[in-house]
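# Residue-level structure breakdown
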Amino acid sequence: MAGMGRIITADDVRELFEVQHGRPLEIGNAIGSLFTNKKKWEYVGRVRSKRPSSHTRYVSQWQLKQAYRPAPAKFEVGVENGVRFCLTCSLETEACTCPK
Ligand SMILES: [Zn+2]
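Note that this is a predicted model, so its numbers are computed, not measured. Within any chain, residue numbers begin from 1 and follow the written order of that chain's sequence. Only residues with pLDDT of at least 70 are given local features in this predicted model, and only at 80 or more are side-chain atom pairs given and counted; all residues enter the totals for whole chains, interfaces and linings. The side-chain figures draw on all heavy atoms in the structure; neither hydrogens nor water molecules are used.

## Details of the pattern of salt bridges
Charged atoms that come close allow side chains of opposite charge to pair. Our working rule: Put simply, a salt bridge is a Lys or Arg side-chain nitrogen that is within 4 Å of an Asp or Glu carboxyl oxygen. Numbering of helices and strands runs from the N terminus; a helix is a DSSP stretch of H or I covering at least four residues, while a strand is a stretch of E covering at least two. For each residue, the accessible area found with a 1.4 Å probe, counting protein chains only, is set against the maximum for its type, and the residue is called buried under 20%, exposed over 50%, and partly exposed in between.
Inspection of the entire model under this criterion finds three salt bridges. Note that lysine 50 and aspartate 12 form a salt bridge whose closest N and O atoms lie 2.9 Å from each other. You can see lysine 50 sitting in the loop between strand 2 (41–48) and strand 3 (58–64) and its partner aspartate 12 sitting in helix 1 (residues 10–21), a full 38 residues away along the chain. Residue lysine 50 is classed as exposed on the basis of its relative accessible area, which comes to 52%.

## Overview of the coordination of the zinc ion
Selection rule: The donor set covers N, O and S atoms within 2.8 Å of the metal, switching to 3.2 Å for Na, K and Ca, and it leaves out water, so a site may look short of donors. For a four-donor site, all angles between 85 and 135 degrees give tetrahedral; for four or six donors, opposite pairs above 155 degrees with the remaining angles between 65 and 115 give square planar or octahedral; all remaining cases count as irregular.
At the metal site, the zinc ion is ligated by Cys86 (SG), Cys89 (SG), Cys96 (SG) and Cys98 (SG), and these contacts range over 2.2 to 2.3 Å. One way to put it: the four donor atoms around the zinc ion meet at angles of 101 to 119 degrees, and that makes the site tetrahedral. In the primary sequence, the donor residues of the zinc ion line up as C-x2-C-x6-C-x1-C. You can see cysteine 86 sitting in strand 5 (residues 83–86) and its partner cysteine 96 sitting in the segment after strand 5, a full 10 residues away along the chain. One exposure class covers both cysteine 86 and cysteine 96, and it is buried.

## Observations regarding the confidence of the model for the chain
Heads up, the rule is: The predictor reports its confidence for every residue as pLDDT, a score running from 0 up to 100.
Taken over all residues, the pLDDT of the chain has a mean of 83, while the share at 70 or more is 90%. In the model of the chain, strand 4 (residues 77–80) stands out as the element of lowest mean pLDDT, 74, in contrast to strand 2, which has the highest, 94.

In structure tokens:
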């Protein structure tokens, strides 16, 4: 999820885990160690935690460094009945520039 350079926190990692696995992540503060690779993660700031159990303590925000992000996906065009259309906005197009 952070692949494209989205700024994320440990909270986001927990949320994603719950969505994907249907149960809470069991590790506690050790989750912060996810981001200790400073070659890979850049500290960009901090926000108040969304988790009630954190009592609105601050959590760090991280961003995957450019070198570790996958190449952006090419513009995706679908073809239906010979008509090319944007897979994002569904408009008929050859090269849509709609925001993803
Ligand atoms: Zn589009």
